[in-house]
Amino acid sequence: MRIDEAFIQTHNGKTLSDHRESFTYLCGKLEKRALDVDRLIDKIQGFQIAIPSWALGTGGTRFGRFPGGGEPRSLEEKMDDVGLLHALNKASGAISLHIPWDIPSDVAAIKAHAASHGLAFDAVNSNTFQDQPDQAHSYKFGSLCHTSEAVRQQAIEHNLEVIRHGVALGSKALTVWLADGSSFPGQTNFRKALQRTLDSLRQIYAGMPEDWKLFVEYKPYEPYFYSTVIQDWGTSHLLATELGERAFTLVDLGHHLPNTNIEQIVATLMMRGKLGGFHFNDSKFGDDDLTVGALKPYQLFLIFNELVEGMEDPEGINPAPAWMIDASHNLKDPLEDLLQSVEAIQMAYAQALLIDRKVLESARESNDPTLAQEILQDAYRTDVRPLIAEARLRSGAALRPIEAFRSLEVRKQLIQERGAKAISTGL
Ligand code: LRH
Ligand code: MN
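### As for the site of ligand 1
Part 1: The full set close to ligand 1 counts twelve residues, and His98, Glu217, Lys219, Asp287 and Asp326 are the nearest of them.
Part 2: One of the side-chain N or O atoms of His98 is found 2.8 Å from an oxygen atom in ligand 1.
Part 3: At 3.0 Å, a side-chain N or O of Asp287 approaches an oxygen atom of ligand 1.
Part 4: Look at ligand 1: alone it shows 300 Å² of surface, and the protein chains cover 96% of it.
Part 5: Residues that form the shell around ligand 1 fall into these classes: four nonpolar, three polar and five charged.

### Observations concerning the packing of aromatic side chains
Part 1: Taken as a whole and judged by the stated rule, the model has 16 aromatic pairs.
Part 2: Taking 6.3 Å as the distance between ring centres and 45 degrees as the angle between the ring planes, the aromatic pair formed by Tyr221 and Phe225 counts as tilted.
Part 3: Using a relative accessible area of 58% as the deciding quantity, one classes Phe225 as exposed.
Part 4: When the centroid spacing of 6.2 Å and the interplanar angle of 15 degrees are considered together, the rings of Phe280 and Trp323 count as stacked. Placement of the pair is Phe280 in strand β12 (residues 275-280) and Trp323 in strand β13 (residues 322-325), with a sequence separation of 43 residues.
Part 5: Relative accessible area serves as the criterion here: at 0%, Phe280 is assigned to the buried category.
Part 6: Grouping aromatic residues by their ring pairs yields a cluster made of Phe47, Phe278, Phe280, Phe304, Trp323 and Tyr349.
Part 7: Lying across the ring of Tyr205, Arg246 places its NZ or CZ 5.0 Å from the centre.

### Some words on a nonpolar patch on the surface
Part 1: A cluster of nonpolar residues, Tyr221, Phe225 and Leu257, forms a patch on the protein surface that exposes about 320 Å² of accessible area.
Part 2: Within the secondary structure, Tyr221 sits in the loop between β9 (213-217) and β10 (227-228).

### Things to note about the nonpolar core
Part 1: In this structure, Leu214, Phe278, Phe280, Phe304 and Leu387 are the most contacted members of the largest nonpolar core, which totals 110 residues.
Part 2: Ranked by the residues each element gives to this core, the list is headed by helix α11 (residues 334-353), at eleven residues.
Part 3: When near neighbours in sequence (up to four residues on either side) are disregarded, Phe280 contacts Leu253, Val292, Leu300, Phe304, Trp323, Met324, Ile325, Asp326 and Ile345.
Part 4: Counting residues in hydrophobic clusters, the runner-up holds nine residues, among them Ala50, Ala94, Phe248 and Met324.

### Looking at the coordination of the manganese ion (ligand 2)
Part 1: Only Glu217 (OE), Asp252 (OD), His279 (ND1) and Asp326 (OD) from the protein reach the manganese ion (ligand 2) as donors, at distances of 2.1 to 2.2 Å.
Part 2: Bound by six donor atoms, the manganese ion (ligand 2) shows angles of 72 to 168 degrees at the metal and therefore octahedral coordination geometry.
Part 3: Site description for the manganese ion (ligand 2): donor spacing in sequence, E-x34-D-x26-H-x46-D. Placement of His279 in strand β12 and of Asp326 in the loop between β13 and α11 is noted, with a sequence separation of 47 residues between them.

### Some thoughts on the environment of Ala348
Part 1: Examined against the element boundaries, Ala348 turns out to sit in helix α11.
Part 2: The class for Ala348 is buried, based on a relative accessible area of 2%.
Part 3: When the C-alpha positions of Ala348 and Leu214 are compared, they lie 26 Å apart, and in sequence the two are 134 residues distant.
Part 4: Setting aside chain neighbours within four positions, we find Ala348 in contact with Leu300, Phe301 and Phe304.

### With respect to the packing of helix α4 (residues 75-89) against α11
Part 1: Running from N to C, α4 and α11 point in directions that differ by 45 degrees, and their axes come no closer than 11 Å. Between α4 and α11, the interaxial angle falls into the category oblique. Judged by the twist between their axes, the crossing of α4 over α11 is right-handed. Here α4 contributes Asp81, Leu84, Leu85, Leu88 and Asn89 to the contact with α11, which in turn contributes Leu335, Leu338, Leu339 and Val342.
Part 2: Split into classes, the residues belonging to the contact of α4 with α11 amount to seven nonpolar, one polar and one charged.

### Here's the deal with the pattern of salt bridges
Part 1: The final tally for this structure, using the stated rule, is 25 salt bridges.
Part 2: A salt bridge links Glu77 to Arg418; its shortest N-O distance comes to 3.5 Å. Here Glu77, found in helix α4, pairs with Arg418, found in helix α16 (residues 410-418); they are 341 residues apart in sequence, far enough to count as distant. Note on accessibility: Glu77 and Arg418 belong to one class, buried.
Part 3: Note that Glu309 and Arg357 form a salt bridge whose closest N and O atoms lie 3.1 Å from each other. Of this pair, Glu309 sits in helix α10 (residues 297-312) while Arg357 sits in helix α12 (residues 357-365), and the two are 48 residues apart along the sequence.
Part 4: Within the structure, one salt-bridge network assembled from shared partners comprises Arg20, Asp38, Glu390 and Arg394.

Conventions adopted
- Residues numbered from 1 in each chain as written.
- Chains lettered and ligands numbered in written order.
- Predicted model: local features only at pLDDT ≥ 70, side-chain atom pairs only at ≥ 80, totals over all residues.
- Heavy atoms only, no water.
- Near = heavy atom within 4 Å.
- Polar contact = N/O pair within 3.5 Å; in protein donor to acceptor, adjacent residues only side chain to side chain.
- Areas by Shrake-Rupley, 256 points an atom, 1.4 Å probe, with all protein chains shown as cover.
- Nonpolar A, V, L, I, M, F, W, Y, C, P; charged D, E, K, R; others polar.
- Phe/Tyr/Trp six-rings, centres within 6.5 Å; stacked < 30°, edge-to-face > 60°.
- Buried < 20%, exposed > 50% of the residue type's maximum accessible area, 1.4 Å probe, protein only.
- Helix = DSSP H or I, 4+ residues; strand = E, 2+ residues; numbered from the N terminus.
- Lys NZ or Arg CZ within 6 Å of the ring centre and 35° of its normal.
- Patch = residues over 30% accessible without salt bridge, like charges linked within 9 Å, V, L, I, M, F, W, Y side chains within 5 Å.
- Salt bridge = Lys/Arg side-chain N within 4 Å of Asp/Glu carboxyl O.
- Core = buried A, V, L, I, M, F, W, Y, C linked by side-chain atoms within 4.5 Å.
- Contact = heavy atoms within 4.5 Å.
- Donors = N, O, S within 2.8 Å, 3.2 Å for Na, K, Ca; no water.
- Tetrahedral: all angles 85-135°; square planar, octahedral: opposite > 155°, others 65-115°.
- Axes fitted to C-alpha atoms, helices over the stretch in contact; angles between N-to-C directions.
- Parallel < 35°, antiparallel > 145°, perpendicular 65-115°, else oblique.
- Left-handed = near helix turned anticlockwise from the far one by under 90°.

Here's what the structure looks like:
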């Protein structure tokens, strides 16, 4: 299924005057703050977010999974779904694949299919947290950290194979998330596990093409519940620093213990030039993988405040981070959930662009926390939705993507096309 521009034009026609009114009002307020609205819109249009190939179906937990039907049954259909999102918001111009869930059968056909949807291939993800049917050695007790060299070598070979798939598709980065850890005190030698992991990652890093990056993703717990080898940003940063200048830390928002100051971690990694990218999602308790901005939109704004500060810093040394979503949809329609997540990310970015950094810095330098908060919250309390909508309109996308998705009855059409029982690979 594809959404043609004619439908988008017609659909936008219904709400164009409302949009013009709220956009003109916002422009008035922003110009009073000497903000260049067209520059803001250019930045928003250029901010493309990669969609995870493993989050286009219904997710589940060990307690149950309630598929909604019409899920993509192949990599081609997954790209059709990301193509749908991109047609509706022109901000989802990339897909991040997970191997072996998404091994491209015919690379040339897959690349042509991606191009037909205007999609690029962002980081590819390896998977040594599940055993594949034909696998010689189990990852039950770890992969790159395993006590057995044969298991470590198998996991290293898998990551090199993932890089080969990525190179064929035109991806430029490998994300390594390791479930490796323990569930009982005494079970593992922490130092040996970390040293083996570093030695294994060195072989993977050496196997990357010169223009590739390695993203080391950290997580405090799950699937193991006593220790995780790469448990926090510090451990990931240590490994990325040891590996070399093309290794970076990947920040998954759900991979932090309650009340962790994530925006400070982001600022620190950017200061070190080691912030590789993000897995955006939201959570209340654990790695809940919920809709971005659904629970903690102010934290997301504070994270983008640090990102914009780092990205606009003329002395900044951090390369442009990779913007990716990592979510799982137990209750919502996966595509509607992803449309909401992309919009929440764009809004946090746009609000952070409104901050007058000179005034904020002088409030900080003069130790005036009241004024600093006023400046931040003035930006956060600015309704930037007309700005995001205008960016979509100028990109040929829908003013109101979710309304367009529903009025087109996309899910109904996908169920007719693929069947109510169609299940997607992924989590
Ligand atoms: C681990 C994780 C990782 C992926 C997986 C799908 O929790 O965040 O990024 O490989 O989810
Ligand atoms: Mn993740």
